[in-house]
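Fold and geometry: a report
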Amino acid sequence: MAPALPPIKTNWTIAYGKVWALAQGALEDLLQEESANQVPRPQKDQVLIFQTLATFYVKYVQILRSLEVAYDQIVHPQKRRVIRQVLDGVMGRVLELKNEMVELEFSEFHYYDDVLQDLKLTPEDIEIPVPKYFVSEKIKVLKEREKILAKILTQNGPRTPETKITMTKIMSLEEAIRVIQVSERARQGRLRAKFMKEIRQEEEKERKANVRWESSLDRDEAATRIQKVWLGYSQRKKTKKERLDEFLFLGMVPPAHHQEVSVTILHAQEIEKARSVVQEEHEAQYQQAVVSIKDTIREVEGPDIKESLQEQIRQWFIECRNATGKFPDYPDEDDGGSAVIFAEKTPEQVSDTQVTPFHATFCLFSLSEVWHVRDESANFIQRFDAELVKEEKRREVEEEIRVQVDELMRQELKNLKLAVDRDKGKKKKKKKGKKGKKGGKKKKKEKDLTADRTIESLFEELIREGLLVRPPAVRLSDFIGEFSYLGTTLRQADVEPMPSLSDVRQLMALHGVLPLGSQAVHEKAPLLKTLLLTGPSGVGKKMLVHALCTETGANLFNLSPANISGKYPGKSGLQMMLHMVFKVARQLQPSVVWIGETEKTFYKKVPKAEKEMEPKRLKKDLPKIVKSLKAEDRVLIVGTTRRPFDADLKPFCKVYKKIILVPRPDYSSRLVLWRHIILRHGGLITDLLDLSSVSKVSDGYTQTHILQAVQAVLTERRIQLLGRKPLSAIEFIGPLARQDPIFKEEEEAFKGAKLRLRERRRKKDC
Ligand SMILES: Nc1ncnc2c1ncn2[C@@H]1O[C@H](COP(=O)(O)OP(=O)(O)OP(=O)(O)O)[C@@H](O)[C@H]1O
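Numbering of residues begins from 1 in every chain and follows the order in which that chain's sequence is written. Predicted model: local features are reported for residues with pLDDT of at least 70 only, side-chain atom pairs are reported and counted for 80 or more only, and whole-chain, interface and lining totals are derived from all residues. Neither water nor hydrogens contribute to the side-chain values; these are computed over all heavy atoms in the structure.

All right, on to the overall build of the protein chain then. Helix numbering and strand numbering both begin at the N terminus, where a helix is a DSSP run of H or I of at least 4 residues and a strand a DSSP run of E of at least 2. Across its full length, the protein chain carries 31 helices and six strands. Residues are treated as being in contact if the distance between any of their heavy atoms lies within 4.5 Å. Within the protein chain, contacts between residues separated by at least 24 positions form 84% of all contacts whose residues are at least 6 apart in sequence. Computed with the Shrake-Rupley method and a 1.4 Å probe, the accessible areas treat only the protein chains shown as cover for residues. Just so you have it, the protein chain exposes about 46,300 Å², and 56% of that area is on carbon and sulfur atoms.

Attention now goes to the nonpolar core. If you look at the biggest cluster of nonpolar residues, it comprises 96 residues, and the most contacted ones within it are Tyr57 and Trp674. Sort the elements by how many residues they give to this core and helix H2 (residues 46-73) lands first, with 14 residues. Boundary definitions for the domains trace back to an automatic or database domain assignment. Residue contributions to this core reach at least three from each of two domains, namely domain 1 (138-162 + 449-478 + 522-662) and domain 4 (667-741). Apart from residues no more than four positions distant in its own chain, tryptophan 674 is found in contact with Leu691, Val694, Ser695, Ser698, Ile706, Ala709, Val710, Phe732 and Leu736. Buried residues of nine kinds, namely Ala, Val, Leu, Ile, Met, Phe, Trp, Tyr and Cys, make up a nonpolar core once their side-chain atoms join them within 4.5 Å. Buried means the residue's accessible area, taken with a 1.4 Å probe over protein chains only, is under 20% of the maximum for its type, while exposed means over 50%, and partly exposed covers the values in between. Among the nonpolar cores identified, the runner-up in size contains 40 residues, and Phe459, Leu532, Tyr568 and Leu574 belong to it.

Let's shift gears to unusual backbone geometry. With an omega of 0°, the peptide bond running from glutamine 589 to proline 590 counts as cis. Topologically, proline 590 is positioned in the loop between helix H23 (570-587) and strand S4 (591-595). Here glutamate 597, not a glycine, exhibits a phi torsion of approximately 45°, which is positive. By secondary structure assignment, the location of glutamate 597 is in the loop between S4 and helix H24 (621-628).

Further remarks concern the site of the ligand. As a matter of local geometry, the ligand sits amid 15 residues, with Ile480, Ser537, Lys541, Lys542 and Met543 nearest to it. Residues adjacent in sequence count toward polar contacts only when both atoms are side-chain atoms; beyond that, a polar contact is any pair of N or O atoms within 3.5 Å, and within protein one must be able to donate a hydrogen and the other to accept it. Within the backbone of glycine 540, one N or O atom sits 3.1 Å away from an oxygen atom of the ligand. Contact between the ligand and glutamine 703: a nitrogen atom at 3.4 Å from a side-chain N or O atom of the residue. With the chains in place, 83% of the 640 Å² that the ligand exposes on its own is no longer accessible. Think of it this way: one heavy atom of a residue within 4 Å of a molecule or strand is enough to make that residue near it.

In spatial order, the strands read S1-S3-S4-S5-S2-S6; together these six strands make up an open sheet with mixed pairing. What marks the edges here is a single partner per strand, and that holds for strand S1 (468-469) and strand S6 (659-661). Pairing analysis gives five bridges linking S4 to strand S5 (residues 635-641), with the strands arranged parallel. Following the sheet pairing, serine 591 is matched in S5 by valine 635. Helix H21 (residues 541-552) rests against strand S2 (530-534), strand S3 (555-558), S4 and S5 of the sheet, and its axis sits at about 165° to S5. By this definition, two strands are paired if DSSP reports at least two bridges between them. In this analysis, axes come from line fits to C-alpha atoms, helices being fitted only over the stretch in contact, and the angle between any two N-to-C directions falls in the range 0 to 180 degrees.

Here we come to the pattern of salt bridges. The salt bridge criterion pairs a side-chain nitrogen of Lys or Arg with a carboxyl oxygen of Asp or Glu, the two atoms within 4 Å. By the definition in use, this model includes 25 salt bridges. A salt bridge links arginine 314 to glutamate 311; the nearest nitrogen and oxygen atoms lie 3.5 Å apart. Of this pair, arginine 314 and glutamate 311 both sit in helix H11 (residues 302-324), three residues apart, which is roughly one turn of the helix. Overall, arginine 314 belongs to the partly exposed group, its relative accessible area being 28%. When the shortest N-O distance is used, the salt bridge between glutamate 731 and arginine 718 registers 2.8 Å.

The pLDDT score gives, residue by residue, the confidence of the prediction method on a 0 to 100 scale. Of all residues in the protein chain, 84% have pLDDT values of 70 or greater, and the mean over the chain is 79. Averaged pLDDT values over the elements of the protein chain bottom out at 42 in helix H13 (residues 347-352) and peak at 93 in helix H9 (residues 219-250). The low-confidence segment residues 357-363, where pLDDT is below 50, has 13 contacts with residues more than four positions distant or belonging to other chains.

Below, the discussion takes up the side chain of arginine 93. Relative to the helices and strands, arginine 93 is located in helix H3 (residues 77-105). Separated by 2.6 Å, the side chains of arginine 93 and glutamate 96 make a polar contact.

In structure tokens, the structure reads:
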């Protein structure tokens, strides 16, 4: 029984249908607009081309957002299948457009602030959504894997290089006594200091009390003083309140309850959850119906279909004989058998099926239209439509029966030829198979080094070796960062803007999450096998890798030089390790293969201190592995580096074609980061905390610095005191000042590296 949904459900069913219909309508308009724009594109005006592409991009992202919501919430199983195809198509198109912009501008970062202004949109409207189905549709598999991981990790833990290093330090007796003495003296000292402080406070209190009693003011003067203080205090309070009321009225400050989650939102979330349960139930009913309807058609209509097919084919034999004087040759099974006889496809129709994703989206309109013109008033609960299932299954049953009929009719034709034409049926020369032609060139298939092992045992071994790790659960939306509102303005003034953290988040969603999450997008959109995240220490590169895994349910393999050091030694060991990692990564896709400090793999000269670690172990094999990854393998190699300039640029760029610079946060990002991190650590933000000033003085500091400063201030004790003593900006300055910011030289080095890369790309060097 489906759980009863709250009454609001009925409106929502209609609402999501409308969301879908509107998105579909917008998509149709957009495709028409695009095809009109395709031919007379002004080739020379680069700015205009970019504007057109950016406008299309923004509009497609809006459609993508609507379709994602519709797919997530609509409960009708067949409608969801149609939306899913359009959704994947639109994701592919968004990626294509992004790629076109990259090729046009030789830069990964693009700024749409002016387009947003023209279209009257906010930055949130173009935030790339992460479809929930990426994880929700394989939640069972993920839980199963999580169980195995947890079991192995609790049993013996992964073998990490650190475990070799962190040995218990053995102390001599004298040393141990000294440590204990030092700690004990420190404890006694602290205790004594505390007593002394209390005594001094007590003395101070007494002194003040004595002074008070010694006062020789007369009553009137004392009353005036009290009134003065009280009136001042009450007026200040009144003025403050009036000021706040005015600000509230003008909408300049949020109302007091604005941080509380509204009841309506909570209600909506409950409904969303309930809908996913209904979704599952309708899906199960649909799956059952598909099987039973097919069986029924086969049983009831099968004999009739068989007879009519045989009749049609016999008729064809006779017509051919009448026209040519002899019986025809029966079409080969490889060519489609008797289906070829009745196919009415023109050559144009055949070529129509080989179109780009953009056109593939177009073809799906017919499917969507089926639903938009259908009268669904009787289908209040949104269960599957049996008539459509029947149509589909009838076609499938026909195909199956056609294969059997072909066998029979081939025999019948042979007999006919023998009886009527006395044709003994000379053996036809077999067409030289395609395989034969290519046979010479075909490469040797890669040898499976672990053919005798199950994928589960490889999975477990990799966990034990610490090569397959459990990423912390972070969402991409946890990567805080503000939109850059001045990108276009700066570019117009010929200043290359520093990308904002929100741009980085978008790029990660586009190039990482969407293709990894959807097989269709991975196969259709421009193929990306490797991705490099570069930026100063502590800007969230690892966090982005973890978010990528969380959002797509991908496995995380750690091939960082420090992690593989000493594991699977020797050349054959390395071969085996890579074979295992990529075999498991492919079979249990999607997977992310992370190489931290990846510049070390491409060192020009290995520093002496790191020689033992053999950082360049992967250098030779990495390009080969990248080459071997195909469109159907949802595996992404992600490298992170804080010192890209230490690498030999040429081989480095050959492996990493897509490079994303993760910058330190700008003022607006710092503002939201401070707010977010303080709240997350149990702090309270009041008027007394001037976040704007803290953000201003923390210029040059990274997310990690901010995080550490907040952690240093917001101790348990400080959190308890918040009610009496609100946080102030000055408290954060000390912990911040104790850390080193990113120095200008380092930032310049990143900018320089970025420009050099851009230049190489322009020259198509890498
Ligand atoms: N945009 C962000 N929003 C919220 N937290 C962030 C953000 N960026 C980084 N952090 C936090 O900062 C800390 C450091 O991030 P992380 O370890 O991913 O940095 P990194 O660039 O990989 O550093 P390194 O290069 O030193 O290895 C993490 O705790 C992460 O959660």
